[in-house]
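Chain by chain, the residues:
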Amino acid sequence: MAQRPMYEIGIPGSSIHNSDGELNVFVSGIHFRIDLFTANFEGNQGLLKEYLLHVERSDPEYILPLPDDPNTEFVDPLEEFYEWATKPFLPLFREIPPLDRKRLYTLQDCLLLRQVRYTLKLVGDDLVPAPLDATVDRVPVGVLLPPAKRLDNFTFPVYCLSDIYIWLSDNTVALLTRPIKLYIKGKEVCFFKEFHLSDVSMTARELSTYAKIHSAQLKEDVLTSRLLGVVEDEGTSRIAGLLLSYIDCTNNRTLRCSRWDRDQASLREKWVQQTSHAIHELHAHQIVWGDAKPDNVLFDVHVDAYLVDFGGGYTNGWVDKELMNTVEGDLQGT
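Given the structure is predicted, the values throughout are model-derived calculations rather than measurements. (Residues numbered from 1 in each chain as written. Predicted model: local features only at pLDDT ≥ 70, side-chain atom pairs only at ≥ 80, totals over all residues. Heavy atoms only, no water.)

What about the overall build of the protein chain?
- Scanning the protein chain for helices and strands turns up 7 helices and 14 strands.
- For a compact globule of 334 residues, the expected C-alpha radius of gyration is about 20 Å, and the protein chain comes in at 22 Å, within 12% of that figure.
- Projected onto its principal axes, the C-alpha coordinates of the protein chain cover approximately 70 × 50 × 40 Å.
- Going through the 334 residues of the protein chain one by one, you find that 40% of them count as buried.
- For the protein chain, long-range pairs separated by at least 24 residues make up 66% of all intrachain contacts whose partners lie at least 6 apart in sequence. (Helix = DSSP H or I, 4+ residues; strand = E, 2+ residues; numbered from the N terminus. Rg over C-alpha atoms; globule rule 2.2 N^0.38 Å. Buried < 20%, exposed > 50% of the residue type's maximum accessible area, 1.4 Å probe, protein only. Contact = heavy atoms within 4.5 Å.)

Some remarks on the sheet that holds strand S10 (residues 188-194)
- Taken together, the 6 strands give an open sheet; going across it, the order is S7-S11-S12-S10-S9-S8, and neighbouring strands pair in mixed fashion. Edge positions in the sheet fall to strand S7 (158-160) and strand S8 (164-166), since each has one partner strand and no second. Recorded for the sheet is a direction-independent mean angle of 40° between the axes of neighbouring strands.
- One ladder, built from 4 bridges, connects strand S9 (residues 181-184) with S10; its direction is antiparallel. Looking at S10, one finds that Leu182 is bridged to Cys190. (Pairing = 2+ DSSP bridges. Axes fitted to C-alpha atoms, helices over the stretch in contact; angles between N-to-C directions.)

Concerning the environment of Ala216
- With respect to the element layout, Ala216 can be found in helix H5 (residues 200-216).
- The exposure class of Ala216 is buried, given its relative accessible area of 18%.

Overview of the side chain of Thr203
- With respect to the element layout, Thr203 can be found in helix H5.
- With relative accessibility at 0%, the residue Thr203 sits in the buried group.
- Within polar-contact distance, the side chain of Thr203 engages the backbone oxygen of Asp199 at 2.5 Å.
- Contacts of Thr203, omitting those with residues within four sequence positions, involve Val143, Leu145, Phe195 and Ile239. (Polar contact = N/O pair within 3.5 Å; in protein donor to acceptor, adjacent residues only side chain to side chain.)

A closer look at the pattern of salt bridges
- Overall, the coordinates contain 10 salt bridges when judged by the stated rule.
- Residue Arg117 is joined to Asp35 by a salt bridge in which the shortest nitrogen-to-oxygen separation is 2.8 Å. Remark: Asp35 occurs in strand S4 (residues 30-36) and Arg117 occurs in strand S5 (residues 114-123); sequence separation between them is 82 residues.
- You can call Asp35 buried: its relative accessible area is 6%.
- Of the charged contacts, one joins Arg57 and Glu80 as a salt bridge, the two residues approaching to 2.8 Å between their closest N and O atoms. Taken together, the positions of Arg57 in helix H1 (residues 45-57) and Glu80 in helix H2 (residues 77-86) put the pair 23 residues apart, joining distant regions of the chain.
- Ionic contacts of the salt-bridge type, sharing partners, join the residues Glu22, Arg33, Asp35 and Arg117 into one network. (Salt bridge = Lys/Arg side-chain N within 4 Å of Asp/Glu carboxyl O.)

Some thoughts on the environment of Glu206
- Looking at the secondary structure, you find Glu206 in helix H5.
- Each C-alpha atom, one on Glu206 and one on Gly313, is 11 Å from the other, the two residues being 107 residues apart in sequence.

Digging into the environment of Ser276
- As for its position among the elements, Ser276 is in helix H6 (residues 268-284).
- Taking the C-alpha atoms as reference points, Ser276 and Asp170, separated by 106 residues in sequence, lie 39 Å from one another.
- A distance of 2.7 Å separates a polar side-chain atom of Ser276 from the backbone oxygen of Val272.

Things to note about H5
- Its 17 residues give H5 an end-to-end C-alpha distance of 25 Å, which sits within 8% of 24 Å, the value for a rise of 1.5 Å per residue.
- Those residues of H5 not exposed but buried are Thr203, Ala204, Arg205, Glu206, Leu207, Thr209, Tyr210, Ala211, Ile213 and Ala216.
- Tucked into the core, H5 has its buried residues touching S10, strand S11 (227-233), strand S12 (238-245) and H6.
- Of the residues flanking the end of H5, it is Gln217, one or two places downstream, whose phi is positive at about 50°. (Expected span 1.5 Å × (residues − 1).)

Considerations on the domain arrangement of the protein chain
- For the protein chain, the assigned domains read domain 1 (7-131), domain 2 (139-246) and domain 3 (253-333).
- Here the C-alpha centroids of domain 1 and domain 2 sit 30 Å apart.
- Taken together, the 19 residues of domain 1 in the interface contact 23 residues of domain 2.
- For the pair domain 1 and domain 2, the two sides together bury roughly 1900 Å², of which 73% comes from carbon and sulfur.
- Put simply, domain 1 and domain 2 have 0 salt bridges between them.
- Scanning the region where domain 1 abuts domain 2 turns up 6 residue pairs in polar contact (both at pLDDT 80 or more).
- The biggest single contributor to the side of domain 1 that touches domain 2 is helix H4 (residues 107-111), with 5 residues.
- Class assignment for the residues of the side of domain 1 that touches domain 2 results in 12 nonpolar, 4 polar and 3 charged. (Domains from an automatic or database assignment. Buried area = accessible area lost by both parts, 1.4 Å probe. Nonpolar A, V, L, I, M, F, W, Y, C, P; charged D, E, K, R; others polar.)

Structure, rendered in structure tokens:
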């Protein structure tokens, strides 16, 4: 597959009612939201068939057929969908100035990224970009806690959006609305966990749990994410998210990703020991992990297993609803 030097792809959106979709593409400092409507392809049955096939293959529950040749290189169907849909946009993307390498970009640049809306329409037998209403309703950054949960006496440092710098690698071509690797005032590396409008109870619980972890002074062999600080939007007093200890991993690899990897079978004993030890130490200090499941066990580059996500909740198949956010729930999920 050809390289994509001009843009980064984001999380797509889809409709449960029809085959319409939404793709999110980031070019330099602009977020392109591309709304795709099935009706726009109906004038060309060949393009309509291609579009519907891409929609089907990009569904998270779609199971790819096994290739005839086991040595065939895997091609991500979602990447193929983006490549197909963005091809008509390439001339437009080329006109956008690249990121300024001499500038320090911050979390404020990412969370308040300029957004434009487009769709694809048929002109003859060709697909062409067509702008939609330029006014995009921007969701407020972060979550607003009730007065009783405010950060007035919080034990962790509180930073503003412009205090947190974005890490740009040599091949970074665009700012993302969900940056992962950042620096606190350009120094301490961290991971940013973003909060959204409706995350009130989860935010309050996660802040409380990380405060307990900090007070417990858990040893370094207790492998969990740790809170370094909180980011607040000064203009609205909303909590934009958490600054967590950076776990150096590849592609956010979790325990779920490794369950079919036979090469890692010899490491299972280590993972059992590490997760069991971490959960035991948390419980010894009256701290509940919550939402115990393989997606919330993250591997670093040394394939050590870290417990992450202390926002609580439960997941069917791992923890019963009545055991949500309890020690018993943690043990059941484990």
